[in-house]
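So you can see what is in the structure, the chains are spelled out below.
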Amino acid sequence: MFEIYRIETVASEEAGGGIIRRIMVRTDSLEKAKERALKVFSLARRPQSRDSEVEAVRVLNGAGHEVFSISTRD
């Protein structure tokens, strides 16, 4: 069964905090949503990225509960 997950990129405290970008992903497993979140995180952390102030990426399920997160401190 498919579920919609939200992948959110979160700014660092120095950049003001808060959500920078939100992506909706429709997939049949949490693992696929995690893979997509890791890809988003690695692309956002590249030096040439326009979202260089990204500190964390998190995945929320359809009910809005955080089910996965990764941060620069991990």
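For the structure itself, look to the data block above.
All of these numbers come straight from a predicted model, not from anything done at the bench.

### A few points about the pairing of strand 1 (residues 3–11)
Consideration 1: Looking at chain direction, strand 1 and strand 2 (residues 19–27) are connected through eight bridges and run antiparallel. Its bridge partner being in strand 2, Ile-7 is matched across the sheet by Ile-23.
Consideration 2: Here six bridges tie strand 1 to strand 3 (residues 54–60), and the two strands are oriented antiparallel to one another. The residue of strand 3 that forms the bridge with Ile-7 is Val-59.

### Considering the packing of aromatic side chains
Consideration 1: This model, assessed by the stated rule, comprises zero aromatic pairs.
Consideration 2: The ring of Phe-2 carries Arg-26 above its face, with NZ or CZ at 4.6 Å from the centroid.

### A look at helix 1 (residues 30–44)
Consideration 1: For helix 1, built from 15 residues, the straight-helix expectation of 21 Å at 1.5 Å per residue is met to within 8% by its first-to-last C-alpha distance of 21 Å.
Consideration 2: Close packing links the buried residues of helix 1 with strand 1, strand 2, strand 3 and strand 4 (66–71).

### Describing the environment of Ile-19
Consideration 1: Inspection of the secondary structure assignment puts Ile-19 in strand 2.
Consideration 2: The class of Ile-19 is partly exposed, set by a relative accessible area of 39%.
Consideration 3: Separated by 38 residues in the primary sequence, Ile-19 and Val-57 place their C-alpha atoms 9.3 Å from one another.
Consideration 4: Residue contacts for Ile-19: discarding those within four places in its chain leaves Glu-8, Thr-9 and Arg-58.

### Quick notes on the pattern of salt bridges
Consideration 1: Per the stated rule, a full pass over the model turns up five salt bridges.
Consideration 2: Asp-28 is paired through a salt bridge with Lys-32; the nearest N and O atoms lie 3.2 Å apart.
Consideration 3: According to the relative accessible area criterion, Asp-28 is partly exposed, its value standing at 42%.
Consideration 4: Taken together, the shared-partner salt bridges connect Arg-6, Glu-8, Arg-22 and Arg-58 into one network.

Parameters at a glance
- Residues numbered from 1 in each chain as written.
- Predicted model: local features only at pLDDT ≥ 70, side-chain atom pairs only at ≥ 80, totals over all residues.
- Heavy atoms only, no water.
- Pairing = 2+ DSSP bridges.
- Helix = DSSP H or I, 4+ residues; strand = E, 2+ residues; numbered from the N terminus.
- Phe/Tyr/Trp six-rings, centres within 6.5 Å; stacked < 30°, edge-to-face > 60°.
- Lys NZ or Arg CZ within 6 Å of the ring centre and 35° of its normal.
- Expected span 1.5 Å × (residues − 1).
- Contact = heavy atoms within 4.5 Å.
- Buried < 20%, exposed > 50% of the residue type's maximum accessible area, 1.4 Å probe, protein only.
- Salt bridge = Lys/Arg side-chain N within 4 Å of Asp/Glu carboxyl O.

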